[in-house]
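# Residue-level structural notes
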Amino acid sequence: MNTLKTWILMGVLTVILVLFGRLIGGTHGMLIFLVISVLMNFIGYWMSGTVAIMMTGSRPVSEQELPEVYAIVRRLADRANLPMPEIYLTPSPQPNAFATGRNPRHAKVAVTEGILQALSWRELEGVLAHEMAHIKNRDILISSMAAMLAGVITSLADMLQWVMWFGMGNRDERDNGSVIAEVVMMILAPIAATIIQLAISRTREFKADATGARLVGDPNPLADALERLEAYAHHIPAGVSPAASHLFIVNPLRGESLINLFRTHPPTAERVRRLRNMRVLG
């Protein structure tokens, strides 16, 4: 199913780019953006994880920098029979984490600076087990592709605004063009959010929670961590793009604009309730 959704996202990206090219450049623009769409789909499939990392401003860290994180992830990777992923640090004070990549052999796990100070090592293990579960369940490609697609759509909306602004002659025409561009952006933003919501099932979070709890052998560390992360998300800004918000273990946009549009996470309270109700693990 994730493979099918990935191909659908590629098709959607192609249609959007070609239509955008038609809007700004007619038939010639369509041909140019068709070529661009082929290139973007190639990049999206082979480098979507790298694009997601770039969107969040994360940087690779060595084992010498984060030895405890490496030790936890290596232990979880062995339990899940997965290759050791690359480890990244996201420059955000909000405690959070995510996984991305094309497949388990090219997986990347990122933790924010804030999470290293906010959680105990046991709680952090629960969070990292959740991210390793996404890798094991092969959720990461579709998530990374959705992030890239949403980023492209919002970038096109911004580009359209500038084209309409500078493409108009006098001030009145520019004002009219700005109004039109704003209307177009109001249309495109929900489209981007809807595409992500259709591509990313909320059930994947429940499944990753359960799989992660089994990797740790106890659901309580992840349940405790989710409660703490939810509380922090309400008070500490994340500073990440809404297009990448679905990648994180909890929604990083609490209290920020577009939160409802880009809401792809199930309620944290329900996730915690299910974890608390888990009994036999293994």
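My aim in this report is to walk through the structure given alongside it, one point at a time.

Rules of the game
- Residues numbered from 1 in each chain as written.
- Predicted model: local features only at pLDDT ≥ 70, side-chain atom pairs only at ≥ 80, totals over all residues.
- Heavy atoms only, no water.
- Helix = DSSP H or I, 4+ residues; strand = E, 2+ residues; numbered from the N terminus.
- Buried < 20%, exposed > 50% of the residue type's maximum accessible area, 1.4 Å probe, protein only.
- Contact = heavy atoms within 4.5 Å.
- Pairing = 2+ DSSP bridges.
- Axes fitted to C-alpha atoms, helices over the stretch in contact; angles between N-to-C directions.
- Core = buried A, V, L, I, M, F, W, Y, C linked by side-chain atoms within 4.5 Å.

### Some points on the environment of F20
Here F20 is to be found in helix α1 (residues 2-56). Taking relative accessible area as the criterion, F20 reaches 7% and is therefore assigned buried. Residues F20 and M30, 10 residues apart in the sequence, show an inter-C-alpha distance of 7.5 Å.

### A closer look at the environment of E86
Relative to the elements of secondary structure, E86 occurs in strand β2 (residues 86-90). Setting aside residues up to four positions removed in sequence, E86 forms contacts with A107, K108 and V109.

### Topic: the sheet that holds strand β1 (residues 59-60)
Strand pairing in a sheet relies on backbone hydrogen bonds. The paired strands run either parallel or antiparallel. Read from one edge to the other, the open sheet built from 4 strands follows the order β1-β2-β4-β3, with strand pairing classed as mixed. Lying at the two open borders of the sheet, with one neighbouring strand each, are β1 and β3 (97-101). Alignment of β1 against β2, held across 2 bridges, turns out to be antiparallel. Each residue of the ladder has a partner; that of R59, found in β2, is L89. Running over the sheet, helix α4 (residues 121-136) touches β3 and β4 (107-112) and is turned about 155 degrees from β4.

### A closer look at unusual backbone geometry
Backbone geometry places N81, a non-glycine residue, at a positive phi of 60 degrees. Tracing the sequence through the fold places N81 in the loop between α2 (67-80) and β2. Of note, R138 is a non-glycine position whose phi angle comes to about 60 degrees, a positive value. Turning to its location among the elements, R138 is positioned in the loop between α4 and α5 (140-167). Relative accessible area serves as the criterion here: at 53%, R138 is assigned to the exposed category.

### Some remarks on the nonpolar core
Counting 40 residues, the largest nonpolar core has L76, I115, V127, L128, M132 and I135 as its most contacted members. Among the secondary structure elements, those contributing two or more residues to this core are α2, β2, β3, β4, α4, α7 (203-216), α8 (220-233) and α9 (268-276). Take this core: its biggest share by element is 7 residues, from α2. Contacts of L76, omitting those with residues within four sequence positions, involve E125, L128, A129, M132, L215 and V216. Y88, F98, A147 and V240 belong to the second-largest nonpolar core, a separate cluster that totals 12 residues.

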